[in-house]
Amino acid sequence: MAKSTLPLTDPLRERLLAALARREDELRAQIAELREALECPTPASEPPGDDADLAFARTRAEIDRDLIDRYLIEIGEIEQARGRIADGTFGICPDCGNEIGRERIKANPVARRCTDCQTLHERRRPRALQALTR
Ligand SMILES: [Zn+2]
C-alpha cells in the first residue's frame, strides 16, 4: 500500500470530510428546491401571462436547469475528492506531482490541481467549454 506523502492528519481528514458532507447537503437541498420550482412554476390560479411573462418563465427555467447541472457537477467533484482522500492521493496535483497547498484546499476542498497547473489547464481549454464546466 502506497502511503500518502501529504501530511493529511486524522483531524484534518475529519474536517475535510465534514466540510465536503456539509457542502453536498447544501447542494442537494438546493437541487431539490430548484426541481420543485421547475415542476410547479406558477400557482395554477394565476391567469395566463402575456408573452413577456412566458419568456421570463422560460428563461428562469433554463437558468434553474443550468444551476442544477452545475450543482450536480460539483457533487461529482466532491465524490472524486472523497475518493482521493480514501486512496491517499488527495492534495497532490496530478499534473506536476506537487502538493496543492493547504490554503488552496481550505478555500476550495475539491480543487484537483495546484494553482499554477489549474491556470495552465484553463488556458488550454476553449472558452466555450470553460463556461460549460465552470
Ligand atoms: Zn501542479
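Quick caveat, the model's predicted, so the values are computed rather than measured.

Colleague: What am I meant to see in the overall build of the protein chain here?
Modeller: Helix and strand counts for the protein chain come out as five helices and zero strands. Expressed as a percentage of its 134 residues, the buried residues of the protein chain come to 6%. A separation threshold of at least 6 residues defines the contact pool for the protein chain, and within that pool the share at least 24 residues apart is 57%.

Colleague: I would appreciate a short explanation of the confidence of the model for the protein chain in the present structure.
Modeller: Fine structural detail should not be taken from predicted coordinates in areas where pLDDT scores are low. Looking at the protein chain, pLDDT values average 85 and 82% of them are 70 or higher. Every residue in residues 1–5 is under pLDDT 50, and counting partners more than four places away or in other chains gives three contacts.

Colleague: Would you mind going over the environment of Gly101 with me for this structure?
Modeller: When you line up the elements, Gly101 lands in the loop between α2 (51–87) and α3 (102–107). Along the primary structure Gly101 and Arg113 are separated by 12 residues, whereas in three dimensions their C-alpha atoms are 9.7 Å apart.

Colleague: Can you help me understand the environment of Arg65 in this one?
Modeller: Its place among the elements puts Arg65 in helix α2. Residue class for Arg65 comes out partly exposed when judged on the 13 C-beta atoms lying within 10 Å of it. Residues Arg65 and Leu34 lie 31 residues apart in sequence; the distance between their C-alpha atoms is 7.9 Å.

Colleague: Help me out: how do you make sense of the packing of helix α1 (residues 10–39) against α2 in this one?
Modeller: Between two packed helices, the angle of one axis relative to the other and the distance separating the axes together describe the packing. With their axes 9 Å apart at the nearest point, α1 and α2 run at an angle of 160 degrees to one another. In this view, α1 runs roughly antiparallel relative to α2, as classed from their interaxial angle. In the packing of α1 onto α2, the handedness of the crossing is left-handed. For the contact of α1 with α2, the per-class residue count stands at 16 nonpolar, one polar and seven charged.

Analysis parameters
Within any chain, residue numbers begin from 1 and follow the written order of that chain's sequence. Totals for whole chains, interfaces and linings use every residue, but because this is a predicted model, local features are given only for residues with pLDDT of at least 70 and side-chain atom pairs only at 80 or more, for both listing and counting. Going along the chain from the N terminus, every DSSP run of H or I of four or more residues is numbered as a helix, and every run of E of two or more is numbered as a strand. Counting other C-beta atoms within 10 Å of a residue's own tells you its class, since 20 or more makes it buried, 12 or fewer makes it exposed, and anything in between is partly exposed; those C-beta atoms are placed from the backbone. Contacts are defined on C-beta atoms placed from the backbone: any two residues whose C-beta positions lie within 7 Å are in contact. As a per-residue measure, pLDDT reflects the predictor's confidence and takes values from 0 up to 100. Comment: axis = line fitted to C-alpha atoms, over the contacting stretch for helices; angle = value between 0 and 180 degrees taken between N-to-C directions. The scheme is simple: roughly parallel for angles under 35 degrees, roughly antiparallel for over 145, roughly perpendicular for 65 to 115, oblique for anything else. Handedness of a crossing is defined here by the sense of rotation of the near helix relative to the far one, left-handed for an anticlockwise turn of less than a right angle and right-handed for a clockwise turn. Gly counts as polar in this scheme, as do all residues outside two lists: the nonpolar Ala, Val, Leu, Ile, Met, Phe, Trp, Tyr, Cys and Pro, and the charged Asp, Glu, Lys and Arg.

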